[in-house]
Amino acid sequence: MGDIGNEGSMDFDLIIKNATIVTASEVLQPGLSIGIKNGIIVAIALFLPVGASTKVVDAEGAYVTPGGVDSHVHLHQDNAPTGDKWLTGSRSALAGGTTTILAFATQSRTQESLFPVVKEYHSRADGQSYIDYGFHLILTKPTEKILQHELKAMVDQEGITSVKLYMTYPAMKLGDGDMLEIMMQARALGVTTMIHAENSDMIDMITSRLLRNSRTLPKYHAIARPQIAESEATNRAISLSTLTSTPILIVHMSSPVAISHARKAQSKSLLPVHAETCPHYLYLLSSKLAATSVPAALAPEPHSPSHSPSHSPSHGGGEEEEEEVEDEWAGARHVCAPPLRHSTSDLQSIWDAMLNGTITTVSSDHAPSLYNSPGGKRKPLIDAAASQTVPTFAQIPNGLPGLETRLPLLFDAATNVDTPPSRRLSLPKFVELTSTNPARLYGLSGRKGTIAPGFDADITIWYPSPGHTGVAEGGLTITNDMLHHSIDYTPFEGVKVCNWPRYTILRGEVKWDRDVELREGHGRGILGSPGDGRYLKRGKGEVLVGRTGQLPPGMREGERDEWAVWATHD
């Protein structure tokens, strides 16, 4: 292999040697070196000269992948007061190999303009992020002024080129009419449209009937949000997209039938319908919602709601079994929307969709709340005790932590020899789903998401093999104690993975060193600082599947032109 890039006599700031580089298209030959200057990859070659001031990181033959791009992260949100803020969330991402996150700036129903929304979220993130970041806009009140003028200003001035629309949640949901108007403007501006697809009326009807019949525990959360609610809304979102010729991305998909709608749209109709999922829909079942015990560390105070003094042994994956405390509210830790599904066949359908290309990207949807906190997952219990009412699953904050565990879980599926073939990713597919595709979808092409000259030197270096320093033979077991978020649990407690990011490099500087972490103690491996992260003004996202301009069945050529006059903007 020849040199890639033009290193000449350049004095590199950093060289990563003995690397096995993985891109979304191939695994390059082992033993390559990556030359970095001014935070940019400038050369890849079999040999690069080491200058007097050049730092060298020896990958020791390990796989080297692009820094993760997590394109669906909720940080410092008003509806999750006990959740991660930017400092702890970005710190956790860094330790898990992620170098770019896209979070949300949320418009409330009372806000008539997007400018104060974005200003507020800038103030929350500024100087608080360990890694690079950007914003999506959550639109809840699409006024004429926003549609005709402010969306364009967001693209031109802020580099915000994506919006998220909700089809459920009273405070956020939009009707079909508003969604259509937003899609028309998004299509005209080249803005990526993300959709949370669940049928709100179905969910509300089932929830009210469950509560009337005293079905109030966390386990009923999954029953209240059946798969048909997701599949109907998915089909409807695709229809709205088809009418307006708007590329969409349906987020956190969990239902086999919903996935089949997306696949049909992509393969048979060649529509630009993208699909996203999350690790919890690959690994976890709704039986988690029926849990009746928690680790002793999460136990509520004696005499508080749902506390019982009796104990039972834990069946976790650690060498020493941790004591568990009975708690009928324990399943609240696993409440998310869409909910965890019921069967292993449901999980397998999501794996199948990743392997056959239906799913375009895998994000964490990191949207956590503390469990043992009066403002978190146990808030319904506290409020009910004060008001002498019954706590219900409908009051539990939605969302799970997952920023730090996303890459290790999926890397395990790509490298663990014990992974069943039906759940085995190729290494290029791992990179495609976790770095390259999200960068392309959200306007970061040419800058993030791959290892090539001209790209930011955002790089994750793994351990060479199980049994190497840092990863014991047989892999390592995920525990919340090893993570760096501010949340008191992980839904993946006890899950084994075969590797973990050894080094995370952000724009040419090593910001996470797990060897230091293991040697000096928890948190010491974080070498970066809050404020290292830069705000990313993004370009227009790419369409990765299907093609635009298709007509709905039965519509004649030119018919759409009669009404789809794309709005002009000042």
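Notes on the structure follow. Keep in mind that this is a model prediction, so the values were computed, not measured.

**Brief notes about the environment of D456**
(1) Moving on: You can see D456 is positioned in the loop between α13 (427-441) and β18 (459-462).
(2) Moving on: The exposure class assigned to D456 is buried, which follows from its relative accessible area of 8%.
(3) Moving on: Spatially, the C-alpha atoms of D456 and R538 are 14 Å apart, while their sequence positions differ by 82 residues.
(4) Moving on: When neighbours within four sequence positions are excluded, D456 is seen to be in contact with G39, I40, I41, D132, R447, K448 and R507.
(5) Moving on: Among the polar contacts listed, one links the side chain of D456 to the side chain of K448, at a separation of 2.8 Å.

**Observations regarding helix α8 (residues 256-267)**
(1) Moving on: Over its twelve residues, α8 extends 16 Å from the first C-alpha to the last, a length consistent with the 16 Å expected when each residue adds 1.5 Å.
(2) Moving on: Residues of α8 that are buried include every one of A258, I259, A262, A265 and Q266, and no others. For α8, the angular spread of buried residues about the axis comes to 120 degrees, placing them on one side.
(3) Moving on: Against the buried residues of α8 lie α7 (227-244), β13 (273-277) and α10 (344-355).

**Looking at unusual backbone geometry**
The bulk of non-glycine residues show a negative phi, and the bulk of peptide bonds are trans.
(1) Moving on: The peptide bond linking A337 to P338 adopts the cis configuration, its omega dihedral lying at -5 degrees.
(2) Moving on: Relative to the helices and strands, P338 is located in the loop between β16 (323-326) and α10.
(3) Moving on: You will see that N18, though not glycine, has its phi angle at about 55 degrees, which is positive.
(4) Moving on: Tracing the sequence through the fold places N18 in strand β2 (residues 14-21).

**What to know about the packing of helix α4 (residues 176-189) against α7**
(1) Moving on: Two numbers describe how α4 lies on α7: the axes approach to 10 Å, and their chain directions differ by 45 degrees. Here α7 runs oblique to α4, going by the angle between their axes. At the point where α4 passes α7, the crossing takes the right-handed sense. Where α4 approaches α7, its residues D176, M179, L180, M183, M184 and R187 are matched on the opposing element by R236, A237, L240, S241, L243 and T244.
(2) Moving on: The class makeup of the residues in the contact of α4 with α7 is seven nonpolar, two polar and three charged.

**A closer look at the side chain of S90**
(1) Moving on: Take S90: it is sitting in helix α1 (residues 86-95).
(2) Moving on: A distance of 2.6 Å separates a polar side-chain atom of S90 from the backbone oxygen of W86.
(3) Moving on: Excluding residues that lie within four positions of it along the chain, S90 makes contacts with I101, Q128, S129, Y130 and I131.

**Digging into the environment of T405**
(1) Moving on: As for its placement among the helices and strands, T405 is situated in the loop between α11 (379-387) and α12 (406-415).
(2) Moving on: Take T405: its relative accessible area is 3%, and that puts it in the buried class.
(3) Moving on: Dropping the residues within four chain positions of it, T405 is found in contact with I478, L483, T490, F492 and W500.
(4) Moving on: Within the structure, T405 has its side chain in polar contact with the backbone oxygen of G402 (distance 3.4 Å).

**Describing the nonpolar core**
(1) Moving on: I101, L137, L151, M354 and I359 are the most contacted members of the largest nonpolar core, which totals 74 residues.
(2) Moving on: With near-sequence residues (within four places) excluded, L151 lies in contact with L114, L137, L139, I146, V163, Q185 and L189.
(3) Moving on: Membership of the second largest hydrophobic core comes to 33 residues, among which are Y281, V335, L409 and V471.

Reading the values: rules and limits
Residues numbered from 1 in each chain as written. Predicted model: local features only at pLDDT ≥ 70, side-chain atom pairs only at ≥ 80, totals over all residues. Heavy atoms only, no water. Helix = DSSP H or I, 4+ residues; strand = E, 2+ residues; numbered from the N terminus. Buried < 20%, exposed > 50% of the residue type's maximum accessible area, 1.4 Å probe, protein only. Contact = heavy atoms within 4.5 Å. Polar contact = N/O pair within 3.5 Å; in protein donor to acceptor, adjacent residues only side chain to side chain. Expected span 1.5 Å × (residues − 1). Arc of directions from axis to C-beta. Axes fitted to C-alpha atoms, helices over the stretch in contact; angles between N-to-C directions. Parallel < 35°, antiparallel > 145°, perpendicular 65-115°, else oblique. Left-handed = near helix turned anticlockwise from the far one by under 90°. Nonpolar A, V, L, I, M, F, W, Y, C, P; charged D, E, K, R; others polar. Core = buried A, V, L, I, M, F, W, Y, C linked by side-chain atoms within 4.5 Å.

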